[in-house]
Amino acid sequence: MENLISLGLENVVVAETDLSLVDGLKGHLVYRNHWARDLAINNTFEEVAHLLWYGHLPSEQELADLNAKLVANRELPAHVKAVVDAMPDDMDMMEVLRTGVASLPLAGDTWPPTLDQIIYLTAKLPTIIAHRYARLNNREPVAPRTDLGHTANYLYMLKGEEPLTAHVRAFDAYLILTQEHGLNASTFTARVIASTRSDLVSSITGAIGALKGPLHGGAPSEVTEMIEAIGTKENAEPWIKAKLAAGERLMGFGHRIYRTTDPRAIALSKVASELTAEDKWFDLAVHVEQIALRLLKEHKPNRPLETNVEFYAAAVMRAIGLPDELFTPSFAVSRTVGWSAHVLEAAKGKIIRPQSNYTGTMPE
């Protein structure tokens, strides 16, 4: 009997998890029995990370303990700074992040992975990115602050000034909504590596390598290119009509998983709505979304093309002043939480060893 083949492992179940539920038909995203949209609106990055790592939302003391550990682990070892500084300027930020993470030393035994190792690594990703970004802009890297939360400190290190509260709130919501999303390509990579009993750094380095691929982590920058090409509200409708008439895709609409509105886009748009009063770029993005949804329904009435999280991710990150080259690295800052939670699960199971069908010929 021939083995059934599912290219890309489509619809193949390879693991059981209580970390998240992704239901594309109903538009549901659940983190450990909580709606992800509610977490993004009502909670902080640290609280949701605690939920995914420890299995429950933290008490006041548990949150204080987690915050203290993250703050204590933000600084980079001298050799990691040297590694980052030695990389050529034309190296992609994801390549720098991958190499910087791979050079991090893990304290204690490397197997099985521990929550202290996970917190240590999670705290350092923003500092690696900010260090590199400062060097590329010919300025000294900004040292992390101990009085700012994870998201606010990341923005502070990138810009060298304390970020606006509205910007922190919107970016925090984005980072919460991208912490975890089922068995996507990078998460599967992390689980495969962890299943071999390799160490945490190897699992996260592999996941970053998978996320670097444009089919996985590159969509938000394509949204910004589209909105910048449109330029003004008056140009939105003719520009979109021309694209649809030419049979071209509108970036930020439709999703491989979701056949209804991406629940992450709903939550992010709600939190980010306070940006519209002060951020003209975000205001233009909202207008483009409204026009695009109307025209998509007219041109493709039988296809469920709704706004996805990449659209609002691009709108938020550009509104708060992040350049395109920081979009995917910032995705990694958040998804490290989900990757590492999956690593803890996969470390308890069997080695992942699927089969392939041989399509060659037998030797004589």
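Residues numbered from 1 in each chain as written. Predicted model: local features only at pLDDT ≥ 70, side-chain atom pairs only at ≥ 80, totals over all residues. Heavy atoms only, no water.

1. So, the sheet that holds strand β3 (residues 34–35)
Consider a sheet: its strands pair through backbone hydrogen bonds, and that pairing is either parallel or antiparallel. Using the following cut-off: Two strands pair under a simple rule: DSSP has to find at least two bridges between them. Put simply, DSSP marks the helices as runs of H or I at least four residues long and the strands as runs of E at least two long, and each gets a number from the N terminus on.
Here we have 3 strands laid out as an open sheet, ordered β1-β2-β3, and antiparallel in their pairing. The open sheet is flanked by β1 (20–23) and β3, the only strands paired with a single partner. The pairing of strand β2 (residues 28–31) with β3 spans 2 bridges and is classified as antiparallel. In the strand pairing of β3, Val-30 is matched with Trp-35.

2. A closer look at the pattern of salt bridges
Note the following rule: Any Lys or Arg side-chain nitrogen found within 4 Å of a carboxyl oxygen on Asp or Glu counts as a salt bridge. Only protein chains enter the accessibility calculation, which uses a 1.4 Å probe. A residue is then buried if its area is under 20% of the maximum for its type, exposed if over 50%, and partly exposed in between.
Using the criterion set out here, one finds 16 salt bridges in the structure. For the salt bridge of Arg-135 with Glu-140, the shortest nitrogen-to-oxygen distance reads 3.2 Å. Taking relative accessible area as the criterion, Arg-135 reaches 32% and is therefore assigned partly exposed. One salt-bridge network, held together by shared partners, links Glu-237, Lys-241, Arg-294 and Glu-298.

3. Here we look at the environment of Phe-327
Checked against the element boundaries, Phe-327 lands in helix α17 (residues 327–346). Between the C-alpha atom of Phe-327 and that of Met-94, which follows or precedes it by 233 residues, the distance is 9.9 Å.

4. What about the side chain of Thr-205?
Basically, it comes down to this: A 3.5 Å cut-off defines polar contacts: any pair of N or O atoms within that distance qualifies, except that in protein one atom must be a possible hydrogen donor and the other a possible acceptor, and neighbouring residues in sequence count only when both atoms are side-chain atoms. We call two residues contacting when some pair of their heavy atoms lies within 4.5 Å.
Relative to the assigned elements, Thr-205 resides in helix α10 (residues 200–212). On the basis of relative accessibility, which here comes to 16%, the residue Thr-205 falls in the buried class. Polar side-chain contacts of Thr-205 include one of 2.7 Å to the backbone oxygen of Val-201. Contacts of Thr-205, omitting those with residues within four sequence positions, involve Arg-98, Val-101 and Ala-102.

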